[in-house]
Amino acid sequence: DMAFDYYGRRFATASGDRSVRVWDLNADGLWTSSSLGSSGGGGNSNNNTNEWQAHRGPVHSVSWAHPEFGQLLATAGADHAVVIWEERE
């Protein structure tokens, strides 16, 4: 699965290897890995990385929150967990 943010300038991908990756559209119009530091209620997280292991099984779904709530990304996995990740600066 993959999902664009509200503005269409970022997207997140879900993967069968239990990871989530975030990409940004740069000034040249190219997609590059972002530096999303994340913290969530489950899985392993690593600050200042664009990819992290989000679940104990494959990640099936990703979804961005509306920007009024901040940079929040929800993920759902085969481990029957839904995790909310928040970007840290």
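Placed above this text is the structure.
Residues numbered from 1 in each chain as written. Predicted model: local features only at pLDDT ≥ 70, side-chain atom pairs only at ≥ 80, totals over all residues. Heavy atoms only, no water.

A. Fine view of the side chain of Asn50. Along the chain, the position of Asn50 falls in the loop between strand S5 (37-39) and strand S6 (51-53). The class of Asn50 is buried, set by a relative accessible area of 13%. Looking at Asn50, its side chain comes within polar contact range of the side chain of Ser33, at 2.7 Å. (Helix = DSSP H or I, 4+ residues; strand = E, 2+ residues; numbered from the N terminus. Buried < 20%, exposed > 50% of the residue type's maximum accessible area, 1.4 Å probe, protein only. Polar contact = N/O pair within 3.5 Å; in protein donor to acceptor, adjacent residues only side chain to side chain.)

B. Geometry of the nonpolar core. Core analysis: the biggest nonpolar cluster contains 13 residues, and Val20, Trp52, Val62 and Leu73 have the highest contact counts within it. Secondary structure elements with two or more residues in this core: strand S2 (10-14), strand S3 (19-25), strand S7 (59-64) and strand S9 (82-88). Considering every element that reaches this core, the biggest residue donor is S7, with 3 residues. When near neighbours in sequence (up to four residues on either side) are disregarded, Val20 contacts Thr13, Asn50, Glu51, Trp52, Ala54, Val59, Val62, Leu73 and Thr75. (Core = buried A, V, L, I, M, F, W, Y, C linked by side-chain atoms within 4.5 Å. Contact = heavy atoms within 4.5 Å.)

C. Molecular detail of the packing of aromatic side chains. One pass over the full model with this rule turns up 6 aromatic pairs. Summarising the aromatic geometry, the rings of Phe4 and Phe11 are spaced 5.5 Å apart at their centres and angled 55° between planes, so their arrangement reads as tilted. The partly exposed category is assigned to Phe4, whose relative accessible area is 45%. With a centroid separation of 5.9 Å and 55° between ring planes, the pair formed by Phe4 and Trp31 is classed as tilted. (Phe/Tyr/Trp six-rings, centres within 6.5 Å; stacked < 30°, edge-to-face > 60°.)

D. Up close: unusual backbone geometry. Its identity as a non-glycine residue notwithstanding, Arg18 has a phi of 80°, on the positive side. When you line up the elements, Arg18 lands in the loop between S2 and S3. Overall, the relative accessible area of 35% leaves Arg18 in the partly exposed class. Here His80, not a glycine, exhibits a phi torsion of approximately 65°, which is positive. Within the element layout of this structure, His80 appears in the loop between strand S8 (72-77) and S9.

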